[in-house]
Amino acid sequence: MTRQEEIEFLFVDYIPNELEEGILYIAAEFGAVVHLCFDGCGERVSTPLHPGQWTLTFDGTTVSLSPSVGNWGLPCRSHYIIRRNRVVWAADWSTEAVVRSAASDRQAVDRPAIPRATNRRSLIQILKLVFSGRGSR
C-alpha cells in the first residue's frame, strides 16, 4: 500500500487485533488511539491520549491528532500530523532531535493528568450519546 493522504476514523470499545489500513481506531474510554502506519509499511502505531503524549480533537465530523506522529523506531521513520482526517507529511528528524523530544515527552508524561481525565470523561459521554459506540466510516 502507498502513503495515505486521507484517513477514516472509528470509535470502538476496544482496539481490534486486526487493523485495516487507513483507519484511525479510537478507544476513548481507555485513552487509546491505534492505526497501521499511514506510510503503508503495515506497522501498528499506538498514540496514547495523555497531556504529555497525544491529544485527539473531534469536531463532530473529523478528527485531528497532535502533536505529530514520529515513527522513529520503525524502519520507515515516517513522520506526520493528522489534521481533520488528512495526513500532513512532515520531515524526518535527526537522532539528536528525537532524543531531545523523547526526554521532553517523558517529563510531560510524569506530570499529573487530573485536569485531562475530567475532559476525557466528558468526551466519552458525548461520544456515547452521539455515536452509541460507533464512529464514522
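The following refers to the structure shown. Just so we're clear, the structure is a prediction, and the values are computed from it rather than from any experiment.

**Examining the overall build of the protein chain**
Then, number 1: Along the protein chain, the regular secondary structure elements total two helices and eight strands.
Then, number 2: Going from N to C terminus, the protein chain has its helices and strands arranged as β-β-β-β-β-β-β-β-α-α.
Then, number 3: Out of the 137 residues belonging to the protein chain, those deemed buried represent 38%.
Then, number 4: Expressed as a percentage of contacts within the protein chain between residues at least 6 apart in sequence, the contacts between residues at least 24 apart total 42%.

**Notes on the environment of Trp 72**
Then, number 1: Along the chain, Trp 72 turns up in the loop between strand 6 (63–70) and strand 7 (79–83).
Then, number 2: We classify Trp 72 as buried; its relative accessible area is 19%.
Then, number 3: Put simply, Trp 72 and Asp 92 are 20 residues apart on the chain and 8.6 Å apart in space, counted from C-alpha to C-alpha.

**Some thoughts on the sheet that holds strand 7**
Then, number 1: In spatial order, the strands read 5-6-7-8; together these four strands make up an open sheet with antiparallel pairing. Because the sheet does not close on itself, it has two edges, and the strands there are strand 5 (55–58) and strand 8 (86–89). Each adjacent strand pair in this sheet contributes to an overall mean axis angle of 25°, direction not counted.

So, how was this worked out
- Throughout, a residue's number is its position along its own chain's written sequence, starting from 1.
- With pLDDT at 70 or above as the cut-off, local features in this predicted model cover only qualifying residues; side-chain atom pairs require 80 or more to be listed or tallied, and sums for whole chains, interfaces and linings still use all residues.
- Note that water and hydrogens are dropped before the side-chain values are worked out from all heavy atoms of the structure.
- Secondary structure is summarised from DSSP: a helix means a run of H or I of at least four residues, a strand means a run of E of at least two, and numbering begins at the N terminus for each.
- Exposure classes here rest on a 1.4 Å probe applied to the protein chains alone. A residue is buried below 20% of its type maximum, exposed above 50%, and partly exposed in between.
- Contacts were defined at the residue level, with two residues in contact if any of their heavy atoms lie within 4.5 Å.
- Whether two strands pair comes down to DSSP finding at least two bridges between them.
- Only the stretch in contact is used when a helix axis is fitted, and all axes are lines through C-alpha atoms; the angle between N-to-C directions ranges over 0 to 180 degrees.

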